[in-house]
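Architecture and fold: a report
Letter by letter, the chains look like this.
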Amino acid sequence: MAEFGELEAQDGVRMPWNIIPVATKKEQAIDSEVPVSAIYTLLKPLKSHSLLLPYSPLRCRTCRSVLNPYSVVDFSASIWGCPFCFNRNPFPQNYSSSIGDNSLPPELFPNATTVEYLCDSFSSPPSPVFVFVVDTCLIYEELDFLKSSLLQALDLLPDTSVVGLITFDSLVRVYELGFPHCTKSYFFHGKKDCTKDELLDQLSFFVKNPKPSSGVIAGVRDGLSSDDIARFLLPVSDCQFALHSVIEELESSPWLVAADHRPVRCTGAALRIAAGLLGACFPGSAARIMAFIGGPSTGGPGAIVSGELSDPIRSHKDIDKDSALYYHKAVEFYETLAKQLVHQGHVLDVFACSVDQVGIAELKVAVEQTGGFVVLAESFGHSVFRDSLKPVFQSGENDLGLSSCGIFEINCSKDIKVQGIIGPCASLEKKGPLCSDTAVGQGHTSAWKMCGFDKNTSICLVFEVAKRDTAEIVLQSQSNQFYFQFLTYYQHSNGQTRLRVTTLSRRWVMGTESLQELSNGFDQEAAAVVMARLISFKMETQLEFDPQRWVDKALINLCTWFGDYQKGDPSSFSLSSQLSIFPQFVFHLRRSQFVQVFNNSPDETAYFRMLLYRENVSNSIVMIQPSLVAFSLHSQPEPILLDVASIAADRILLLDSYFTIVIFHGSNIAQWRKAGYHNQPEHKAFQHLLQSPRDYTDTIISERFPSPRLVICDQYGSQARFLLAKLNPSDDGNAPFSGESNVFTDDVSLSVFLDHLRRLIVH
C-alpha cells in the first residue's frame, strides 16, 4: 500500500479503485459493492513541487475546467485541448508569446497535478471573527475551569481578531463589550426564537441611524454603521480588559433549580441570536460561533428533553421507535440554523463537556454542514477539552491551518457522474450533466459550500460510472483514461484568496475481463474507509437498513469476484496481497462504534461519525481497526496483533483507537510499579519501560485534533475493558480465551469469521 501513500502525498487523494472497472449493461458492476470514489484532503500540505502561481487560472471555454498537465497542447497553433470536453482553446497573448516545447507554463509541468493560484492578495487581510457562546448553567467548579480556559485562549488570539460574547441559561445575554463605563448587556427570553430584525431592534442598532426601508441588512455596506457593530463585535486589542473582566465575573445561573428538575438551558435560542448577530454584522466573512455547552437544552427552540429528571434523554432505541418527543423538532430547528449559517458563510463549533448528553445528535447537521469542530468531554477541566481548545487559536508550524469561505467544484470525464459527498460541506444545488440521479450524502450538485475547513479535512466523493451497451463499443473507444478535476476556492489563514486545482487521471478496464489488473489497483484501506462512511450515512438516513447484512454481502461478492478457489473446498480459498487484509478490516468495522451503537448514546455515535466524515484514510483506519504496540524489557517497541493472545504479564500494551489511547500494564508490570521499583537506581531499565509508552502517547496527542482520551490501567482492573473490548477474541467464543486475560463475549473471533466467509464463497 506504499504506492497509494505516495499518490496521496502528491495530490491528497486516495481511491479504492485506482484502475476503474467498467461494465456493460448486461453485467453486474464490480463497483456496486465498493463504489468508485475518492477520499480527498482538500488542503493537504504537499511535496515541495506543489506550486503557488500569482495569476488567475486559464479555463476551458466550454466546461470551465482549468489548464492541467493532461491537456493536449499544439505549440505551433498556440491551442490546448481540454481532456474533459475535448474542446480546443486558444492560449492568451501572455501565454502564446513564450510557450514552447522547452518553455512550458508551470501548470503544464508533468508533476504539477496539484497547483494553487493566488486570486487576491489584500494589503490588510480580513480579521477573523469569534463569537463565544457560553453556558452558565454549570456548577461553580465547572464554570471556573471554563473561564480559565477561555482566558488562556483569548491570550492566544491575534490583536486584530474580532470577538463577541454571549452567555445563556434560561435567558440569553448579549454583552456590549464596546461600552467603556461598566458591564452592559441585553437580555432575550430563551423560549422565543428571535429573528434578525427583532434582534437588531432590541440591540438598538438604529437609534442613531435610520433603519433602511428595503433590502437586506448585512454589514457596513448594507444598512449598519461601523460604530454600532463595534458595540458588540470589536478587535481584541480594543476590548481586552473589558472582555477579561466580564469573563472573570461570570457566575453560575442564579435561578433556583428543584431537586427533581434540570436547569432551564436555552441553547438553541443562544445559537440563533449569535447567528443573527454575525449575519447582520459580518456576512460572508471568516467568522466562527464557538459554543461551550455543559448540559442538555431544556427550553426554547432546539430543546432535546423536558426539565423534569423523571423524563430520560432520548436513546437510540427511542429514536428508532420514533418515541423521542423532542428529537425531530430539534433536528428541524438546527437544519434551519444550518441553512442560515451556510448562507452567511459562518462556522459553528461545539465544545460539549458533560457526563450527560447535551444534544450533539441534534446539533450534528449544523456543525457538519458549516465545517465546524466538535469536542466531547466529561468536564471542562478534562485534558480532552483543554488540549483541544488551544490548537484552534495557536499559530505556527503545528497549527490547524484554518481556512474559510470555501467553494468546492468538480469536473469529470463524460462517463463519470457525481453521486455526492459524504463529509463536512453543504450543497450549492448546482445541477447539470455531471450530477447522477442517485444521491449519496450531499448530492444532486457539482458544487458545494465549505464555510470552514483545515489542513486535515477530508471529504469522500462518490461516483457513478456509466455502463456501456456492449464490450465492443468500449474497445472501440479512443481513450482508456478517466479524468477528474477538483477545484477548491478558499480564504487562506493568512487572508489570501486562493484556488487549489487537483487533476487526476485513472485508467479504466472492462471489469469482468481484467480482474487481475483491477486487484493490482485496489486500495483496501481506502475501500474500508469508504464503506465505513457509506454505512454510517445509510444508518442515519435509512430506517430499515441492516449494516451487518449489507457489509457482509459486499465482502462476499467482492471476494467471489477476486478470490482464487476450487468449488466446494474452503481450504483452497485465497486472496491476492492487494485484498488480503480487506476481510480483516470488515471484521473490525462490524464490531466498531460506527456499526454497533449499543452502549453508546446518540451523542457519542454522532460524535464518532462526525470525526470519521472529516478525517483522512490513515486516521480513519485507526478508528476502524485500532493499532496495538507492545513494550517490554526484552525487546524494542513493536506493533503486534490486535488479539487477546497479545496480553502478557510482563508487557505494556498501548492501544490507539483514535478517540481513546489506552496504556495497559500487565500484572507483573503493575506489581513492580506499585512496589516502587522504578524509583530505585538499579532499575533504570524499568523506569525507562514505564516512560516509553507515555512519550509515545504524548507524540500522538500533540499531533491529533480533537485530543484523544488517555486511559492508564492495569491487567484485571476495571478500566482494562477499554482494551479488551477492541481485541479479537481468538477462541471458540464459549470459554475464556487464550492469552493471560479472561474475556467472555458472544462475538465470533476473526478466525471463525474468515472460516464462515470461505464456506459461503466456495459453496
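Everything numeric here is computed off the predicted structure, so don't read it as measured data. The written sequence of each chain sets the order in which its residues are numbered from 1. The predicted origin of the model limits local features to residues at a pLDDT of at least 70 and limits the giving and counting of side-chain atom pairs to 80 or more, whereas totals for whole chains, interfaces and linings rest on all residues. Side-chain metrics rest on all non-hydrogen atoms present in the structure, leaving aside hydrogens and water.

Let us look at the confidence of the model for the chain. The pLDDT value expresses, per residue, how confident the predictor is, ranging between 0 and 100. This prediction gives the chain a mean pLDDT of 90; 92% of its residues lie at or above 70. The criterion used for residue contact is that any of the two residues' heavy atoms lie within 4.5 Å. Confidence over residues 472-477 falls short of pLDDT 50; this stretch has 4 contacts with residues more than four positions distant or in other chains.

Right, let's get into the sheet that holds strand β18 (residues 416-422). Strand pairs in the sheet, formed through backbone hydrogen bonds, run parallel or antiparallel to each other. At least two bridges found by DSSP between two strands is the condition for calling them paired. The helix count covers DSSP runs of H or I at least four residues long, the strand count covers runs of E at least two residues long, and both are numbered beginning at the N terminus. Reading across the sheet, the 4 strands line up as β1-β3-β21-β18 and stay open at both edges, with antiparallel pairing between neighbours. Each edge of the sheet is formed by a strand with only one pairing partner; in this case those strands are β1 (13-14) and β18. As judged from the 5 bridges shared by strand β3 (residues 37-41) and strand β21 (residues 458-465), these two strands associate in the antiparallel manner. Opposite Ser-37, over in β21, you have Val-462 as the bridge partner.

Further remarks concern the sheet that holds strand β30 (residues 709-714). Spatially, the 5 strands line up as an open sheet ordered β27-β26-β28-β29-β30, and their pairing is mixed. Single-partner strands in this sheet number two, and they are β27 (635-639) and β30. Recorded for the sheet is a direction-independent mean angle of 15° between the axes of neighbouring strands. Across 6 bridges, strand β29 (residues 660-665) lies against β30 in parallel orientation. The partner of Phe-664 across the bridge, within β30, is Cys-713. Across the sheet, helix α20 (residues 684-703) touches β26 (627-632), β28 (652-656), β29 and β30, and the angle it forms with β28 is around 10°. A fitted line through C-alpha atoms represents every axis, and for helices the fit uses only the stretch in contact; the resulting angles, taken between N-to-C directions, go from 0 to 180 degrees.

For the pair helix α14 (residues 524-541) and helix α15 (residues 547-562), the least separation of the axes is 10 Å and the interaxial angle reads 145°. For the pair α14 and α15, the crossing hand works out as right-handed. Judged by residue contacts, Met-531, Leu-534, Ile-535, Lys-538 and Met-539 of α14 engage Pro-547, Trp-550, Val-551 and Ala-554 from α15. Split by residue class, the contact of α14 with α15 holds 8 nonpolar, no polar and 1 charged. Should the near helix be turned anticlockwise from the far one by less than a right angle, the crossing is left-handed, and should it be turned clockwise, the crossing is right-handed. Under this grouping Gly is polar, as are all residues other than the nonpolar Ala, Val, Leu, Ile, Met, Phe, Trp, Tyr, Cys and Pro and the charged Asp, Glu, Lys and Arg.

Looking now at helix α6 (residues 236-249). Over its 14 residues, α6 runs 18 Å from end to end, which matches the ideal 20 Å to within 8%, given 1.5 Å per residue. Partly exposed describes any residue whose relative accessible area lies between the buried limit of under 20% and the exposed limit of over 50%, with all areas from a 1.4 Å probe on protein chains only and scaled to the type maximum. When α6 is considered as a whole, its buried residues turn out to be Val-236, Cys-239, Leu-243, His-244, Ser-245, Val-246 and Ile-247. Those residues of α6 that are buried lie in contact with α3 (140-156), β10 (162-168), β11 (171-175) and β13 (234-235). Multiply 1.5 Å by the residue count of a helix minus one, and that product is the helix's expected span.

So, about the packing of aromatic side chains. Here the aromatic set is Phe, Tyr and Trp, taking the six-membered ring for Trp, and pairing holds for ring centres within 6.5 Å; pairs whose planes are under 30 degrees apart are stacked, those over 60 apart are edge-to-face, and all others are tilted. Inspection of the entire model under this criterion finds 33 aromatic pairs. Seen from their ring centres, Phe-408 and Phe-486 are 5.9 Å apart, and the 45° between their planes marks the pair as tilted. Residue Phe-408 is located in strand β17 (residues 403-412), and its partner Phe-486 is located in strand β22 (residues 481-491); the two are separated by 78 residues in the primary sequence. The same class applies to Phe-408 as to Phe-486, namely buried. One aromatic cluster in this structure is built from Phe-130, Phe-132, Phe-292, Phe-351, Phe-380, Phe-385 and Phe-393. A cation over an aromatic ring shows up here: Lys-184 above the ring of Phe-179, its NZ or CZ 4.8 Å from the ring centre. The criterion is that NZ of a Lys, or CZ of an Arg, lies within 6 Å of the ring centre and within 35 degrees of the ring normal, and then a charge sits over that ring.

With that settled, consider the nonpolar core. Among the nonpolar cores identified, the biggest contains 143 residues, and Val-133, Phe-408, Phe-463, Phe-484, Phe-486 and Phe-582 are the most heavily contacted of them. Not counting the four nearest positions on each side in its chain, Phe-486 is found in contact with Val-13, Tyr-40, Phe-408, Glu-409, Ile-410, Leu-461, Phe-463, Arg-500, Val-501, Thr-502 and Leu-504. The next biggest cluster of nonpolar side chains, apart from the first, holds 38 residues, and it includes Leu-143, Leu-165, Leu-177 and Ala-377. In this description, a nonpolar core means a group of buried Ala, Val, Leu, Ile, Met, Phe, Trp, Tyr and Cys residues linked to one another through side-chain atoms lying within 4.5 Å.

Here the UniProt-annotated "domain: Gelsolin-like" (unreviewed entry) positions come out as residues 636-723. As a span, residues 636-723 carries 35% helix and 24% strand, and end to end its C-alpha atoms are 21 Å apart. UniProt positions are given in the numbering used here, feature names are shortened, and annotations may be inferred rather than shown by experiment.

Okay, the state of the cysteines next. Defined by distance alone, a disulfide is two cysteine sulfur atoms within 2.5 Å. If you walk through the whole model with that rule in mind, you get 0 disulfides. Cysteine Cys-63 is unpaired, with the sulfur of Cys-82 as its nearest cysteine sulfur at 3.5 Å. Not engaged in a disulfide, the cysteine Cys-239 finds its nearest cysteine sulfur in Cys-281; these two sulfurs lie 14 Å apart.

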